[in-house]
Amino acid sequence: MVREQPILLKILRYDPGVDRAPTYQRYEVPWKEGLLLLAALKYIRENLDETLAFRDYCCQCGWCTSCMMMVNGKGLRACLKVLYPGEQLMIEPVKGFPVIKDLVVDFGVTLTTSEGTFRKMEGALIRKVGS
Amino acid sequence: MLIKADVLVIGAGGAGARAAIEAAKNAPDLHVVLLNQGPVGRSGLTTMANGGMQWVSHPDDSPDAHFRDVVRIGCYLNDQNLVQVMAEEAPARAEELIRWGAKVLMDGDTYFLGDPRGSGASFPRSHYVPGGTYMAALRVEVERYANVDPRGDFVATNLLTFEKRVIGATALNIRNGESVVIESKATVLATGGLGELFIHTTNAPWGLHGHASGTGYALAYQAGAELIDMEMVQFTGAQLYPPWELGNPALLSSMCGGKYVNALGQEYMKLPTPRDMIQKLAYEEIKAGRGTERGGVYIDLSVSPLSREEMEKQLQIALSGEVARDRWNLVKEMSANNPDPRNWKVEWAPGCAHFFMGGVRINERCETCLEGFFAAGEVAGGVHGANRMGGNALTDIIVFGARAGRYAAEFAQTADRIEHETATVKNEQERLSGFFKPQGITPKSVRDKIRTLMSNYMGVAREEVGLKRALAEIDSLRRSDLPSIRVPHLSRFNVPWIEAIEVPCMLDVAEMMVGSALSRTESRGGHYREDYPNTERSWLKHTLVKKKDDTMVIGTAPVVITKLYPPGD
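Residues numbered from 1 in each chain as written. Chains lettered and ligands numbered in written order. Predicted model: local features only at pLDDT ≥ 70, side-chain atom pairs only at ≥ 80, totals over all residues.

1. Observations concerning the overall build of chain A
Phase 1 of the analysis: Of the regular secondary structure elements, chain A holds three helices and seven strands.
Phase 2 of the analysis: In chain A, the succession of α and β elements from N to C terminus is β-β-α-β-β-β-β-β-α-α.
Phase 3 of the analysis: Burial statistics for chain A: of 131 residues in total, 39% are counted as buried.
Phase 4 of the analysis: Taking the intrachain contacts of chain A between residues at least 6 apart in sequence as the baseline, contacts between residues at least 24 apart amount to 45%. (Helix = DSSP H or I, 4+ residues; strand = E, 2+ residues; numbered from the N terminus. Buried ≥ 20, exposed ≤ 12 C-beta atoms within 10 Å, placed from the backbone. Contact = placed C-beta atoms within 7 Å.)

Next comes the structure, spelled out in structure tokens:
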């Protein structure tokens, strides 16, 4: 069997309580069929770096948006991002929120405010049935 | 840090959020703290639910029929007072949730009602309310109450007690690693299930921690609560191939017209079949050597009478009630090489933990045997008996969530707040910081061992020798592995630390489950004993676990029967 090209992830690391400034760290994750970005991050934490923080307490199926992050500069849900062999991605925390650690942000007010605000944030996530 | 609450709700999934709303609404002067391990309203299992939700809306249906279906499918092990409450209050709770913004799949002007064969109901009763919109509606409603204080990124580590009363909890602020004490007059436990104790689980399909690690059962046990039917796990199919989730095999088959076939292509089972039997029959097929190389069986969609377009529509509903287009797009992206679902042979294996029927013993006011301590949702037992009918989890959590909130608020209005003992909290802090050490093993390694032993001995089929071996392994993990767990010394978002907090709880839960399974010498619903394959009239009772003088005691308790007796009685 031909060994598929691994995924290369360049991930922003930052612990505001400890680090003076964010740095980037590179990780190599073996590719397999059906690999999603959230699963790749889990692979890193379990096999390469136990200190990597990302929001894993999430729905894992596209609903809750807890795993929103910047992927090559674009805001995406990590649980819906399919990875392809040899892909190289830059992963950063989602813009517009204070960073708690690495890829974890404080959604804070947006999570605990009016319906309008979170609907705006979720955008296309909540659609009317049949539309 | 000390937080003073009137009502403390632990867990902000469907049951917890609903409890907080009800408590806040019924008692505007009370301070309701809603604690959650992730962002409030954006995490946990409710958001993952694929939407089947039962309440009576079909003109021929009735709460009595709903009651009878739940008890019959629950193999008569349900507490019937609880089932009656659920069947009667479900329509009002559901309509209210839709008013709050939950989306329900419609068929023109009426509800779209799923094929009753999927659940075994006597009438079409399954509405599709995807968990994402269900939870979004509750989140919006939580926001409306100024007296609800949502605290995301907190994990409860212990319950505080005084004599026979729960007086609060200790917690860890995941964001900064700070220890927190919450003093409360009333406490509602709504921490969800325990699927993570098994290798395969729909509760955390990627093996991520914390979604259903069963900590709530352990907290309740340690505080002195009674737990019933801890052997009653509902399993579903673990999808082996294709490697992207397509939904529950029972749903797939009934909605898409697929057939259950073995590796030889023989149809070994037809719907309707209760969930426990679907598992048992697949297990027997594989055991008899008619399974696939990966150790599974198939759902063959190629024999379906549906057109490709019709099947894609049904698959979308099976995945998440049609509204989650994103998930469907994901499936399409991943299956680009073989896009026609009629060509799919879905390979699956039994033994994927899906739901837990047992849990903290409650009455219809959600009260436990401890004063000021209430439980609702999956962490509570007795509603679903030995087997949950499909579509009744989303129903259970809002009905009993609302009740727990109402009665907790009622209790808190007249109760005093009891101050905690500083020594207890200091011990707890020392226990938690004890995980920081230079050398040791990862919490994940112990967690994986627990999951392996549970899947090996506590899966679809159980027998005495295996269960005794499981108890011995649990004991050995407790003595040799637990003290060696080490985590990195970090304060912010230290995930291994949270995992380390969960592991001792998982061991308590595993021991309760195996002990209960060993004591129930019969087969009923989700509990199949190969050495005791029959259902025994004499076992129409709950197993009951309780801590006595720091020892786990396993006994029995009567089932509450109000009107429906097993056939032959």
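2. Observations concerning the overall build of chain B
Phase 1 of the analysis: Scanning chain B from N- to C-terminus turns up 14 helices and 20 strands.
Phase 2 of the analysis: Here chain B has a C-alpha radius of gyration of 23 Å; the compact-globule value for 569 residues is 25 Å, and the two agree.
Phase 3 of the analysis: The principal-axis extents of the C-alpha atoms in chain B amount to approximately 65 × 55 × 55 Å.
Phase 4 of the analysis: Every one of the 569 residues in chain B was classed for burial, and the buried ones make up 60%.
Phase 5 of the analysis: Excluding contacts between residues fewer than 6 apart, the proportion of contacts in chain B whose partners are at least 24 apart in sequence is 76%. (Rg over C-alpha atoms; globule rule 2.2 N^0.38 Å.)

3. Section: the packing of helix H1 (residues 14-26) of chain B against helix H10 (residues 393-414) of chain B
A packed helix pair is summarised by two numbers, namely the angle formed by the two axes and the spacing between the axes.
Residues and elements named next belong to chain B.
Phase 1 of the analysis: The contact between H1 and H10 brings their axes to 7 Å, and the two run at 35 degrees. Relative to H10, H1 is oriented so that their crossing is right-handed. Contacts between H1 and H10 involve Gly14, Ala15, Gly16, Arg18, Ala19, Ala20, Ile21, Glu22, Ala23 and Asn26 from the first element and Leu394, Ile397, Ile398, Phe400, Gly401, Ala402, Ala404, Gly405, Arg406, Ala408 and Ala409 from the second.
Phase 2 of the analysis: Across the contact of H1 with H10, the residue classes break down as 13 nonpolar, five polar and three charged. (Axes fitted to C-alpha atoms, helices over the stretch in contact; angles between N-to-C directions. Left-handed = near helix turned anticlockwise from the far one by under 90°. Nonpolar A, V, L, I, M, F, W, Y, C, P; charged D, E, K, R; others polar.)

4. Here we look at the nonpolar core
Phase 1 of the analysis: The biggest cluster of nonpolar side chains holds 210 residues, and the ones touching the most others in it are B:Val7, B:Val9, B:Ala20, B:Val188, B:Ala375, B:Ala376 and B:Ala408.
Phase 2 of the analysis: Beyond its immediate chain neighbours, meaning those up to four positions away, B:Ala408 contacts B:Val7, B:Ala19, B:Ala23, B:Ala186, B:Val188 and B:Phe374. (Core = buried A, V, L, I, M, F, W, Y, C linked by C-beta atoms within 7 Å.)

5. Here we look at the sheet that holds strand S13 (residues 259-261) of chain B
Residue and element names in this part refer to chain B.
Phase 1 of the analysis: Read from one edge to the other, the open sheet built from five strands follows the order S12-S16-S15-S13-S14, with strand pairing classed as antiparallel. The open sheet has two edge strands with one neighbour each: strand S12 (233-241) and strand S14 (267-269). Adjacent strand axes in the sheet meet at a mean angle of 50 degrees when their direction is disregarded.
Phase 2 of the analysis: Judged from the three bridges that link them, S13 and strand S15 (residues 297-300) form a sheet pairing that is antiparallel. (Pairing = 2+ DSSP bridges.)

6. Quick look at helix H1 (residues 37-47) of chain A
Phase 1 of the analysis: Regarding H1(A), the residues found buried are A:Leu37, A:Leu38, A:Ala39, A:Ala40, A:Leu41 and A:Lys42.
Phase 2 of the analysis: Packing partners of the buried residues in H1(A) comprise strand S1 (7-13), strand S2 (23-29) and strand S3 (68-71) of chain A.

7. Describing the confidence of the model for chain B
Phase 1 of the analysis: A residue-level look at chain B finds 97% of positions with pLDDT of 70 or above and a mean pLDDT of 92.
Phase 2 of the analysis: As a predicted assembly, this complex carries a pTM of 0.93 together with an ipTM value of 0.87. (pLDDT = per-residue confidence, 0-100.)

8. Thoughts on the domain arrangement of chain B
Residue and element names in this part refer to chain B.
Phase 1 of the analysis: According to the domain assignment, chain B consists of domain 1 (2-232 + 357-422), domain 2 (241-350) and domain 3 (427-533).
Phase 2 of the analysis: Each of domain 2 and domain 3 was reduced to a C-alpha centroid, and the two centroids are 32 Å apart.
Phase 3 of the analysis: On the side of domain 3, five residues touch domain 2, which itself brings five residues to the contact.
Phase 4 of the analysis: In terms of residue count, helix H7 (residues 275-290) provides more of the side of domain 2 that touches domain 3 than any other element does, four residues in total.
Phase 5 of the analysis: A breakdown of the residues in the side of domain 2 that touches domain 3 according to their chemical character gives two nonpolar, one polar and two charged. (Domains from an automatic or database assignment.)

9. Concerning unusual backbone geometry
Residue and element names in this part refer to chain B.
Phase 1 of the analysis: At the junction of Tyr241 and Pro242, the peptide bond is cis and its omega measures out at -5 degrees in the coordinates.
Phase 2 of the analysis: Within the secondary structure, Pro242 is located in the loop between S12 and helix H6 (249-256).
Phase 3 of the analysis: Of note in this structure, Tyr76 is not a glycine but carries a positive phi near 65 degrees.
Phase 4 of the analysis: Tracing the sequence through the fold places Tyr76 in the loop between helix H2 (63-73) and helix H3 (80-99).
Phase 5 of the analysis: For Tyr76, a count of 22 C-beta atoms within 10 Å puts it in the buried group.
Phase 6 of the analysis: Even without a glycine there, the phi angle at Asp229 is positive, about 50 degrees.
Phase 7 of the analysis: Mapped onto the secondary structure, Asp229 falls in the loop between strand S11 (227-228) and S12.

10. Here's the deal with the pairing of S3(A)
Residues and elements named next belong to chain A.
Phase 1 of the analysis: Relative to strand S4 (residues 74-77), S3 runs antiparallel, the two sharing four bridges. From the neighbouring strand, Val71 faces S4, where its bridge partner is Lys74.
Phase 2 of the analysis: Sheet topology places S3 next to strand S5 (residues 88-93); three bridges connect them, and they run antiparallel. Within S5, the position partnered with Val71 by the bridge is Ile91.

11. Notes on the confidence of the model for chain A
Phase 1 of the analysis: Here chain A shows a mean pLDDT of 80. Residues at 70 or above account for 80%.
Phase 2 of the analysis: Counting contacts from residues 109-131 of chain A, a segment whose pLDDT is below 50, to residues more than four positions away or on other chains yields 27 contacts.

12. Considerations on the packing of helix H5 (residues 215-223) of chain B against helix H14 (residues 495-519) of chain B
Residue and element names in this part refer to chain B.
Phase 1 of the analysis: For the pair H5 and H14, interaxial distance at closest approach is 8 Å and the crossing angle is 75 degrees. By the angle between their directions, the pair H5 and H14 is classed as roughly perpendicular. Residue-level contacts link Thr215, Tyr217, Ala218 and Tyr221 of H5 to Glu502, Cys505, Asp508, Val509 and Met512 of H14.
Phase 2 of the analysis: Partitioned by chemical class, the residues of the contact of H5 with H14 number six nonpolar, one polar and two charged. (Parallel < 35°, antiparallel > 145°, perpendicular 65-115°, else oblique.)

13. With respect to the sheet that holds strand S20 (residues 551-558) of chain B
All names here are of chain B.
Phase 1 of the analysis: The four strands are arranged S17-S11-S19-S20 in an open sheet whose pairing can be described as antiparallel. Each having just a single partner strand, strand S17 (359-360) and S20 make up the two edges of the open sheet.
Phase 2 of the analysis: Bridge count for strand S19 (residues 541-548) against S20 is eight bridges, and the pairing is antiparallel. Along S20, the bridge assignment pairs Val545 with Ile554.
Phase 3 of the analysis: Where H14 meets the sheet, it contacts S11, S19 and S20, and its direction lies at approximately 50 degrees from that of S20.

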